[in-house]
Amino acid sequence: MPAKGLQNIVVGETRHSLVEGEKGQLVFQGYEIQDLAQHAAFEEVAYLLWYGQKPSAEQGHALRAEMAQHRSLPSGVINVLRALPEFTEPMDALRTGVSALGAVNPGTNIDLAHAVSLTAQVASLIAVFHRLRHGLEIIPPREDLDHGSNYLYMITGSEPTAAQRAMMNVYLVLLADHGMNASTFTARVIASTGSDLYSAVTGAIGALKGPLHGGAPRKVLDMLDAIGTAENAETWIRDALARKERLMGFGHRVYKTTDPRAEILRETARTYSEPAFFRLAQTVEERALEILHEKKPDQRLYTNVEFFSAAVMHAVGLPRDLFTATFAASRTAGWTAHILEQAADNRLIRPDVDYVGPTGLKWNAA
Ligand code: ACO
């Protein structure tokens, strides 16, 4: 029997992240995610993934400066974004923007320098597109701000508050890598053909966009809006499940307990969200878990990272249609680390498939 969806199939080795689905544990290069969320800056986590070790203070500053220097976008790429119609979704614009960056950076580019510059530029692509689609002036990047703060600054034109900076950093740290998820696998498959970094990340963005992967958090906020009040939660959830809909922000291919990132983001949302909004989110989570466990007792469905990601990005003040693109702004660090790891010890990824179609047909049969 083929493993539908490649569930539990080990396709390689990685040093970047360990996902322990039964224990609800996530580790980057040996460090527990709780430790990193509390103590590390996003740029330090990117360093950890790219270099395989914790940076010294000097190395951390140097990487932060290097990323800051690469935030500007080539004018040709800005023109590509400018040419997109205003109904273009941010993830489609980001995919196009990364592809355009590849077109102006042709050749062999699977190396650390391009991983750093692309990670810096992904945030700029999102912010620049956001400004353009609203007919606003593009805000030039600031080299004195960290990655997350500069991202928010380029979107809004204002320096983020301490609370926004803290939320953004925790979010970016938590989402930077996650084992052999669908978008990372996509990136590694593309890299394994000998293709380039920009093509691999363009493909990864396409994979991340789907609601079964990174496209869920906007839908979580839509769900919370539709539910409206804590009292409506149970009826709304039961009706949605009766219609065979999936509850966004619940269930995971690997975690068979609560996603550890969800635990951290729940506490972040508890600290920073408006109390009434947090109470609604928490009640919806509680009712959803009760009802999912009642209706699908064998499935072990728990809260995944996207449920409280939505709450935290909402508290930051990001528009909901930027949520998935913001996920990409973090995950580009992990994607590029995996692309480098693939290229360093490459073999073409080319699985097999069972043929179940007809045989022996004749094109010119009477
Ligand atoms: N709501 C309702 N039922 C669910 C949910 C959910 N959120 N998740 C899984 N199920 C049910 C399915 O209906 C199915 O039930 P059935 O066997 O009675 O038909 C069973 O659980 C197994 O579902 P699969 O799709 O086989 O599980 P898989 O491991 O492939 O799915 C996934 C994981 C895609 C994340 C799924 O849980 C889901 O669709 N969740 C909602 C979307 C979401 O939150 N996406 C973000 C994921 S986190 C991330 O990628 C960063």
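Residues numbered from 1 in each chain as written. Predicted model: local features only at pLDDT ≥ 70, side-chain atom pairs only at ≥ 80, totals over all residues. Heavy atoms only, no water.

Student: Lay out a nonpolar patch on the surface in plain terms, naming residues and giving numbers.
Tutor: Nonpolar side chains collect at one region of the surface, where Leu6, Ile9, Val11 and Met180 lie side by side and expose about 320 Å² of accessible area between them. Tracing the backbone through its elements, the reader meets Val11 in the segment before strand 1 (17–20). (Patch = residues over 30% accessible without salt bridge, like charges linked within 9 Å, V, L, I, M, F, W, Y side chains within 5 Å. Areas by Shrake-Rupley, 256 points an atom, 1.4 Å probe, with all protein chains shown as cover. Salt bridge = Lys/Arg side-chain N within 4 Å of Asp/Glu carboxyl O. Helix = DSSP H or I, 4+ residues; strand = E, 2+ residues; numbered from the N terminus.)

Student: Can you lay out the packing of helix 8 (residues 162–174) against helix 13 (residues 260–272) for me, pointing to particular residues and giving the numbers?
Tutor: Direction vectors running N to C along helix 8 and helix 13 enclose 175 degrees, while the axes themselves pass 11 Å from each other. It follows from the interaxial angle that helix 8 and helix 13 lie roughly antiparallel. Listed contacts from helix 13 to Ala163, Ala166, Met167, Val170, Tyr171 and Leu174 of helix 8 are Arg261, Ile264, Leu265, Thr268 and Tyr272. By residue class, the composition of the contact of helix 8 with helix 13 is 9 nonpolar, 1 polar and 1 charged. (Axes fitted to C-alpha atoms, helices over the stretch in contact; angles between N-to-C directions. Parallel < 35°, antiparallel > 145°, perpendicular 65-115°, else oblique. Contact = heavy atoms within 4.5 Å. Nonpolar A, V, L, I, M, F, W, Y, C, P; charged D, E, K, R; others polar.)

Student: Explain the sheet that holds strand 2 (residues 25–28) residue by residue, including any values.
Tutor: Reading across from one edge, 1-2-3 is the order of the 3 strands in this open sheet, with antiparallel pairing throughout. What marks the edges here is a single partner per strand, and that holds for strand 1 and strand 3 (31–32). Across 4 bridges, strand 1 lies against strand 2 in antiparallel orientation. Within strand 2, the position partnered with Leu18 by the bridge is Val27. (Pairing = 2+ DSSP bridges.)

Student: Hey, could you go over helix 3 (residues 57–69) for me, with residue numbers and the actual values?
Tutor: An ideal rise of 1.5 Å per residue puts 18 Å on 13 residues; helix 3 measures up with 18 Å between its terminal C-alpha atoms. The complete set of buried residues in helix 3 reads Gly60, Leu63, Met67 and Ala68. Buried residues along helix 3 cover an arc of 135 degrees about the axis, so they all sit on one side. For helix 3, exposure combined with an orientation more than 90 degrees from the buried face picks out Glu58, His61 and Gln69. (Expected span 1.5 Å × (residues − 1). Buried < 20%, exposed > 50% of the residue type's maximum accessible area, 1.4 Å probe, protein only. Arc of directions from axis to C-beta.)

Student: Could you give an account of the side chain of Asp92, naming the residues involved and the relevant values?
Tutor: Mapped onto the fold, Asp92 is located in helix 5 (residues 90–104). A polar contact is formed between the side chain of Asp92 and the side chain of Arg95, at a distance of 3.1 Å. (Polar contact = N/O pair within 3.5 Å; in protein donor to acceptor, adjacent residues only side chain to side chain.)

Student: So, the side chain of Thr88: which residues are in play, and what are the values?
Tutor: Topologically, Thr88 is positioned in the loop between helix 4 (75–82) and helix 5. Side-chain polar atoms of Thr88 contact the backbone oxygen of Pro85, separated by 2.9 Å.

Student: Quick rundown of unusual backbone geometry? Include the residues and the values.
Tutor: Not every positive phi belongs to a glycine, and Asn8 is a case in point at roughly 65 degrees. You can call Asn8 exposed: its relative accessible area is 73%.

Student: So what's going on with the domain arrangement of the protein? Residues and values would help.
Tutor: Along its sequence, the protein is organised into domain 1 (17–211 + 323–344) and domain 2 (217–316). For domain 1 versus domain 2, the separation of C-alpha centres amounts to 26 Å. If you look at the interface, domain 1 gives 29 residues, while domain 2 gives 27 residues. Together domain 1 and domain 2 conceal approximately 2200 Å² of surface at their shared face, both sides included; 74% is due to carbon and sulfur atoms. (Domains from an automatic or database assignment. Buried area = accessible area lost by both parts, 1.4 Å probe.)

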